[in-house]
Amino acid sequence: MIGPAILFCPGDRPDRFAKAAARADAVILDLEDAVAPEDKPAARASVLAGLPSLDPARTIVRINALDSPWGHDDARALRALAAPPLVMLPKVRAAADLDALAPLAVIALCETAEGVLAAPSIARATNCAGLMWGSEDLLADLGGRPGRGPGGRYRAVLEHARSTVLLAATAAGRPAIDTVLVDLDDLETLRADAGDAAAAGFAAKACVHPNQVDPVRAAFAATPAEVEWATGLLRAAEGQAGVFRHQGRMIDAPVLAAARAVLARQPGR
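Residues numbered from 1 in each chain as written. Predicted model: local features only at pLDDT ≥ 70, side-chain atom pairs only at ≥ 80, totals over all residues. Heavy atoms only, no water.

Participant: Just checking my understanding: could you explain the nonpolar core for this structure?
Facilitator: A general feature of soluble globular proteins is that nonpolar side chains tend to end up buried together. The biggest cluster of nonpolar side chains holds 60 residues, and the ones touching the most others in it are L29, L98 and L131. Take this core: its biggest share by element is 6 residues, from helix α8 (residues 156-171). Every residue in contact with L98, bar those within four places of it in the chain, is listed here: L89, V92, V106, A108, I122, A125, N127 and C128. Within the second largest apolar cluster, 15 residues are counted, among which are I2, A26, I28 and L86. (Core = buried A, V, L, I, M, F, W, Y, C linked by side-chain atoms within 4.5 Å. Buried < 20%, exposed > 50% of the residue type's maximum accessible area, 1.4 Å probe, protein only. Helix = DSSP H or I, 4+ residues; strand = E, 2+ residues; numbered from the N terminus. Contact = heavy atoms within 4.5 Å.)

Here's what the structure looks like:
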């Protein structure tokens, strides 16, 4: 999975495509929320024209929802390409939504109550390439109040949705992407959210501004202490068979897997 910092870029701003791609680990060219209704056909044309100049391995296109006036036209245009990009589909409510886009590979955005509850079946769709949850749209769907709970954490229902999407993705062998933070100046909350996402097992976090990229990367990267622990543990495991003792701790397969995951989070790995 591409990550850890994935940056949204408005689909009607082709002058920003290359800059956004260079700034982040992957770019999401957005045809949905970032584009006004009257500009959507022109934005689609701009994205189609810009795709050949971008790295296909690090480019995602978020199309419009399939129940919108533009979603099926977006999908049809991308499906016609010789090498279609990875697609992000908003407002996914069931696995059938992904089936309708086959053979396009799709990151499903679970951002309604229906979509979150259906996350396990959505993640197992044949063309599912990952799951992402959306806090802002989910809150709107629930009719909830904006803002955080005590201590700045997500309210309980949003935390439940976040965990549900992560568990569903992992159970199906798909990567999970953490939601955006729309408060562009609150880097403290961004660091906390990204750090928690990395610790929980999310593969990446979406960003809505270039200034969010570096804090997200830093939060996902292994710390020097973690690298030292993982390196020492794996060195000690060489030649060991089964469970063994290391620095007063029982070491078994899950602990070794965690150590390998730490080293995989180093930059450039």
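Let us keep going from here.
Participant: Hey, could you run me through the packing of helix α7 (residues 135-142) against α8 in this one?
Facilitator: Two measures define how a pair of helices packs: the angle their axes make with one another and the distance between the axes. Where α7 meets α8, the closest approach of the two axes is 11 Å, and the angle between their N-to-C directions is 125 degrees. Classified by the angle between their axes, α7 and α8 sit oblique to one another. For the pair α7 and α8, the crossing hand works out as right-handed. In contact with S135, L138, L139 and L142 of α7, α8 contributes V157, L158 and A161. Residue composition of the contact of α7 with α8, grouped by class: 6 nonpolar, 1 polar and no charged. (Axes fitted to C-alpha atoms, helices over the stretch in contact; angles between N-to-C directions. Parallel < 35°, antiparallel > 145°, perpendicular 65-115°, else oblique. Left-handed = near helix turned anticlockwise from the far one by under 90°. Nonpolar A, V, L, I, M, F, W, Y, C, P; charged D, E, K, R; others polar.)

Participant: Any chance you could explain helix α1 (residues 14-23) here in plain terms?
Facilitator: It helps to recall that an α-helix has 3.6 residues per turn; residues three or four apart then point in one direction. Inspection of α1 places F17, A20 and A21 among the buried residues, and these make up the whole buried set. Seen along its axis, α1 keeps its buried residues to an arc of 95 degrees; they face one direction. Of the residues in α1, the exposed ones pointing more than 90 degrees away from the buried face are A18, K19 and A22. Where α1 is buried, its residues meet β1 (5-10), β2 (26-30) and α2 (40-50). (Arc of directions from axis to C-beta.)

Participant: Help me out: how do you make sense of the sheet that holds strand β5 (residues 106-110) in this one?
Facilitator: Pairing between the strands of a sheet is mediated by backbone hydrogen bonds and can be parallel or antiparallel. Spatially, the 8 strands close up into a barrel ordered β1-β2-β3-β4-β5-β6-β7-β8, and their pairing is parallel. Each strand of the sheet is rotated relative to its neighbour by a mean of 30 degrees, with strand direction disregarded. As defined by bridge partners, strand β4 (residues 86-89) adjoins β5 across 3 bridges and the pair is classed as parallel. Bridging from a neighbouring strand, M88 pairs with I107 of β5. Relative to β1, α1 is tilted by about 170 degrees, and along the sheet it contacts β1 and β2. Along the sheet, α8 makes contact with β5, β6 (128-133) and β7 (176-178), crossing β6 at roughly 170 degrees. (Pairing = 2+ DSSP bridges.)

Participant: Would you take a moment to explain the side chain of E159 for this structure?
Facilitator: Note on placement: E159 falls in helix α8. Taking relative accessible area as the criterion, E159 reaches 18% and is therefore assigned buried. Dropping the residues within four chain positions of it, E159 is found in contact with R153, Y154 and D196.

Participant: What is the right way to read the environment of V213 from this model?
Facilitator: With respect to the helices and strands, the residue V213 is situated in helix α10 (residues 213-220). Since its relative accessible area comes to 0%, V213 is described here as buried. Sequence separation of V213 and D25 is 188 residues, and the distance between their C-alpha atoms is 8.5 Å. Apart from residues lying up to four places away in sequence, V213 is in contact with A5, L7, R23, A24 and C207.

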